[in-house]
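# Structure assessment
What follows is each chain in one-letter form.
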Amino acid sequence: MSSASTEPAVEHLDVLIVGAGISGIGAGRYLRTELPGKSFAILEARADCGGTWDLFRYPGIRSDSDLHTFGYEFKPWRDKESIADAPRILAYLHEAVRENGLDPHIRYRHKVLGASWSTGRACWTVEVERTDTGERTTLTCSWLFCAMGYYRYEEGFTPHFEGRERFGGPIVHPQHWPEDLDHTGKRVLVIGSGATAVTLVPAMAGTAAHVTMLQRTPSYVMPVPRRDPVAGALRKVFGDGRGYALARRKNIAQQRAVWAFCRRNPKAARRIIRWVNARRLPRGYPVDEHFNPPYDPWDQRLCAVPDGDLFKVLKDGSASIVTDRIRTFTEKGVLLDSGRELEADVVVTATGLNVQALGGIPITVDGRPVRVSDTIAYKGMMVSGVPNFAYAIGYTNSSWTLKIGLLCEHFCRLLAHMDAHGLDICRPEPADPAMPTRPFLDFGAGYVQRVVDQLPRQGDRMPWLTSMSYRDDVKLLRADSVTDPELRFSRADAAHRLEPAR
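Described below are features of the structure shown in this document. Predicted model only: the values in this text are computed from it and were never measured.

Tracing the backbone through its elements, the reader meets Thr437 in the loop between strand 22 (425-428) and strand 23 (438-439). You can call Thr437 partly exposed: its relative accessible area is 34%. Sequence separation between Thr437 and Trp464 is 27 residues, and the spatial gap between their C-alpha atoms is 9.0 Å. If we skip the residues at most four places from it in the chain, Thr437 touches Ile376, Arg457, Gln458 and Gly459.

Right, let's get into the pairing of strand 22. Across the two faces of strand 22 the burial is the same, with Ile425 and Arg427 and Cys426 and Pro428 all buried. Looking at chain direction, strand 22 and strand 25 (residues 487-490) are connected through 4 bridges and run antiparallel. Opposite Ile425, over in strand 25, you have Ser490 as the bridge partner.

Here the focus is the packing of helix 6 (residues 229-264) against helix 7 (residues 266-280). For the pair helix 6 and helix 7, interaxial distance at closest approach is 5 Å and the crossing angle is 115°. Contact residues: Phe261, Cys262, Arg263 and Arg264 in helix 6; Pro266, Ala268, Ala269 and Ile272 in helix 7.

Time to look at helix 6. Between the first and last C-alpha of helix 6 there are merely 29 Å, a value that for 36 residues lags more than 12% behind the 52 Å anticipated at 1.5 Å per step. In helix 6, a bend of some 130° at Gly239 exceeds every other bend along the element. Every buried residue belonging to helix 6 is among Ala231, Leu234, Gly243, Tyr244, Leu246, Ala247, Arg248, Asn251, Ile252, Gln255, Ala260 and Cys262, and all of these are buried. Buried residues along helix 6 sit in contact with helix 3 (67-70), helix 4 (86-99), helix 7, helix 10 (400-420) and helix 12 (470-479). Among the residues of helix 6, the N-terminal cap falls to Asp228, whose side-chain oxygen and the backbone nitrogen of Val230 are separated by 3.1 Å.

Each value, and the rule that gives it
Residues numbered from 1 in each chain as written. Predicted model: local features only at pLDDT ≥ 70, side-chain atom pairs only at ≥ 80, totals over all residues. Heavy atoms only, no water. Helix = DSSP H or I, 4+ residues; strand = E, 2+ residues; numbered from the N terminus. Buried < 20%, exposed > 50% of the residue type's maximum accessible area, 1.4 Å probe, protein only. Contact = heavy atoms within 4.5 Å. Pairing = 2+ DSSP bridges. Axes fitted to C-alpha atoms, helices over the stretch in contact; angles between N-to-C directions. Expected span 1.5 Å × (residues − 1). Bend = angle between axes of the 7 residues up to and from the residue. Polar contact = N/O pair within 3.5 Å; in protein donor to acceptor, adjacent residues only side chain to side chain.

In structure tokens, the structure reads:
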């Protein structure tokens, strides 16, 4: 007599969200409120939610957007500081998880290894690994929603530095900040000129002997108020909900106006930024040497410094900027092309991120590997030829979360439309195979340019354009229909269709 062993049934979900950062939490909330009957889970490879705000631990880490627009539309930002540090943002995200009942849906230490789509079964099969035990499991889902952001969590970008091994002190990257690093009373050299560098310099200058920011190319830097008095007044008059909505509206318009002015009048914008910088710096400071980028404003993102903290430490002498190139590391620091040697006890390589497409998850469609660079982005939330797959990428010229909210709304409306019409499969396909394409992100930042050939493309017409305008996206993603001639819908064979356990 033989006994047949039965394999445990593979769990099937309506939606599987990958990533429990600001995008994944937002996606979970919209699913819970807009489509309460849908089954879903959020897989997070790390031990906690929060994404970027849980990963980065370097001194002074903060947002470079105001939290009235970087926060969720559905959850008012109640803190007095509009430009907030990571602990405040992380507390806000934890609150969002609790208030929206997402805790039971988040599975920590679950890393997605790969996903394969079957048209016959109308589902994704997703391979998952427990990062704490190494155990591997399989899930299936009708929709896969990638909310993993745009960079590799495992490793930041560090260029090759000649002679790096000769330096006698610690060399750290902000993405992997050691908990036991003590820079008190030490000479710190921060290599870089972007948002991370301008955050680190004033944060470390208070206790370091001196902090030097070494930049190859200057960035545009603008002081912004840490607190928003108008937002505070609106909250007092109209209450948290209405006051927050009005402050959000005001800041959206303000961000758009600044960006549009810079793009239309780059020379005037450059003069204004230089004037603001010069007023904050000591008399006779070489503004054009250290604050005059070779590109126009908003060709790359402007660096915001709350209450002008960077300018304050430059003015009091606790920090300085050097614009030069590194020839080689030495035992004591770095030797520059100019022949000058900068001595340091600690070196911080604030040299950027490693961008990766769609979380770096290898995916196949009906057995064929998907080469992301061969796909075209549809409405900035799906890619051509890949069914039932959505992703969340925010704005580069405004607050990230503004677009995430609109994408999540549109995603939920799309699923509701498919349910109402008995549809199982949704696949974007360009009607014109010869449509001209260009890079997905028209952005000059080095971290984008290094991998632009690995990202999806965008077309020259809607819905294949990647919009960076909140106003346009409100029309496209919130007001317009979810149907489109270039979005192909179909039904699966009922015999093979998978249904989630309810």
